[in-house]
Amino acid sequence: MPAVVIIGAQWGDEGKGKATDLLGSRIDYVVKFNGGNNAGHTVVIGDQKYALHLLPSGILSPGVTPIIGNGVVVDIEVLFDELDALIARGVDVSRLKVSANAHVITHYHRTLDKVTERFLGKRQIGTTGRGIGPTYADKINRVGIRVQDIFDEGILRQKVEAALDQKNHLLVKIYNRRAIEADEIVESLLSYAPRLKPMVADTALEIHQALEADKTVLFEAGQATMLDVDHGTYPFVTSSSATAGGASTGSGIGPGRIERVIGIVKAYTTRVGAGPFPTELFDASGEFLRANGFEFGTTTGRPRRCGWYDAPIARYSARINGVTDFVLTKLDVLTGLETIPVCVAYDVDGVRHDEVPVSQSDFHHAVPIYEEFPGWSDDITGAREFSDLPQAAQDYVLAVEAMSGARISAIGVGPGRDAIVTRHDLLG
Ligand code: GDP
Ligand code: IMO
Ligand code: MG
């Protein structure tokens, strides 16, 4: 089972980090293929808690080679800080490889991210402010800086000057900010070169060779399907391809290589930032989910918006990504609820929609149609077999599975590495 993709099926923070870590001992390579340090993955191993942003979560497993693919945008200072923090905790990061073709987030991208958001006022997207959107915009606009440019001072200077020619007009004339000096950017990027150089590689070739040698390669998405720039709730999305197709373009392997797509889906729903969210709760139930699920952003610390499970979204994700297996996470968070509503369809201006409406205006008006399931009160964090779960929890899982478009192969019952109920082998 060489190439396996892990994606988020909702609006992020489904527990992708934990799922990757879980498979860590059985994989040889882990590839991050989209996004950057906007992601935040919390992994709990024993009494140790790790927060990862730019690095793939698989880096915590000894023996795994972590790769930052061409589809990622890299803030090099953040990369070094994150590596240093792991080194200080005894994690071996020496095998990390970074694609020569990945684009680089610079100071002007971060600045532009923040000023554009401020300019949008109440129409803002609520980005993480890490420079993600402006860096991908430059990539598509063909004025980006790539990792390999850092090793050719002449080219680097030309590219930075060309980019700043445009951007300084924007910054000064539109956004009322000071101009950014090309020298300042070039100097700081060049200063990273000695430490970065040994990590830089033709990662597409390395992944190809690994697959040819029958190694198991896990492609780990940042963000999620509903934040994908093509398939998410545009414009309230991130700027990269967070769906399974992104694993191919963002790493340089053919799509036919991918044998399994694991969708991570929470037993309820959360979202950070602005945009439509039909099942969002504004009452005590929302507070219950936030408090019990500790739903605060790993990257920005913002409280996450919380709501019930949305089956049409799970079904949509199953279809867009070709999900073969779901991991249903955080089932334990629902313990103690008398009844658990699940959204089974939407009412849009009096018309029932069983699938996610293609029109964004309709999605903004979608009112969930709920079916209610009985809750349970017994602690389930110790469950390891499906039959260990109370009957009501088993029934909830089976009902959700029937609506979601793929089998639920594992169920998260707590934050720890071992807090999982396995029904089908995710790599078997
Ligand atoms: P990611 O961005 O998809 O990797 O997810 P995050 O790490 O941002 O958010 C998921 C949070 O849920 C983390 O704090 C995990 O430790 C935690 N978590 C993951 N699975 C479970 C689970 O089954 N139960 C509980 N209670 N917490 C979980
Ligand atoms: P993980 O990988 C949740 C959201 C931001 C904002 C929008 C655009 O931890 O699931 P950006 O900075 O990417 O331009 O912001 O996307 N967002 C996330 N929400 N989890 C994430 O990552 C996210 N990464 C970006 O809140 O609404
Ligand atoms: Mg997260």
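Rules behind the numbers
Residues numbered from 1 in each chain as written. Chains lettered and ligands numbered in written order. Predicted model: local features only at pLDDT ≥ 70, side-chain atom pairs only at ≥ 80, totals over all residues. Heavy atoms only, no water. Patch = residues over 30% accessible without salt bridge, like charges linked within 9 Å, V, L, I, M, F, W, Y side chains within 5 Å. Areas by Shrake-Rupley, 256 points an atom, 1.4 Å probe, with all protein chains shown as cover. Salt bridge = Lys/Arg side-chain N within 4 Å of Asp/Glu carboxyl O. Helix = DSSP H or I, 4+ residues; strand = E, 2+ residues; numbered from the N terminus. Buried < 20%, exposed > 50% of the residue type's maximum accessible area, 1.4 Å probe, protein only. Near = heavy atom within 4 Å. Polar contact = N/O pair within 3.5 Å; in protein donor to acceptor, adjacent residues only side chain to side chain. Nonpolar A, V, L, I, M, F, W, Y, C, P; charged D, E, K, R; others polar. Domains from an automatic or database assignment. Donors = N, O, S within 2.8 Å, 3.2 Å for Na, K, Ca; no water. Disulfide = S-S within 2.5 Å.

Asker: Mind showing me how you'd approach a nonpolar patch on the surface here?
Answerer: Side chains of Phe119, Leu170 and Ile174 sit close together on the surface and give an oily, nonpolar patch of about 280 Å² of accessible area. Inspection of the secondary structure puts Phe119 in helix H3 (residues 107-120). The exposure class assigned to Phe119 is exposed, which follows from its relative accessible area of 52%.

Asker: How should the site of ligand 1 be read in this particular structure?
Answerer: Close to ligand 1 lie 19 residues, the nearest being Lys16, Gly40, His41, Thr42 and Asp332. Backbone polar atom of Gly15 to an oxygen atom of ligand 1: 2.9 Å apart, as the coordinates give it. Arg304 places a polar side-chain atom, nitrogen or oxygen, 3.2 Å from an oxygen atom of ligand 1. In isolation ligand 1 has 580 Å² of accessible area, and contact with the protein removes 93% of it. Contributions of two or more residues to the shell around ligand 1 are made by helix H1 (16-23) and strand S3 (41-45). Of the residues contributing to the shell around ligand 1, the split by class is four nonpolar, eight polar and seven charged.

Asker: How should the site of ligand 2 be read in this particular structure?
Answerer: If you check the shell around ligand 2, you find 20 residues, and the closest are Lys16, Asn38, Thr128, Gln223 and Thr238. Interatomic distance of 2.8 Å between a backbone N/O atom of Gln223 and an oxygen atom of ligand 2. Contact between ligand 2 and Thr238: an oxygen atom at 2.6 Å from a side-chain N or O atom of the residue. If ligand 2 stood free it would expose 540 Å²; the protein chains cover 97% of that surface. Split into classes, the residues belonging to the shell around ligand 2 amount to six nonpolar, eleven polar and three charged. If you count residues domain by domain, the shell around ligand 2 takes at least three from each of domain 1 (3-91 + 203-422) and domain 2 (103-198).

Asker: Please explain the coordination of the magnesium ion (ligand 3) as it appears in this structure.
Answerer: Reference values for angles at a metal are 109.5 degrees in the four-donor tetrahedral case and 90 or 180 degrees in the six-donor octahedral case. At 2.0 Å from the magnesium ion (ligand 3) lie its protein donor atoms, namely Asp13 (OD) and Gly40 (O). Placement of the pair is Asp13 in the loop between strand S1 (3-8) and H1 and Gly40 in the loop between strand S2 (29-32) and S3, with a sequence separation of 27 residues.

Asker: Explanation requested: the state of the cysteines in the structure shown.
Answerer: Think of a disulfide as a covalent bridge from one cysteine sulfur atom to another cysteine sulfur atom. Scanning the model with the defined rule gives zero disulfides in all. Not part of a disulfide, Cys306 finds its nearest cysteine sulfur in Cys343, a span of 16 Å. Judged by relative accessible area, Cys306 falls into the buried class, the value being 0%.

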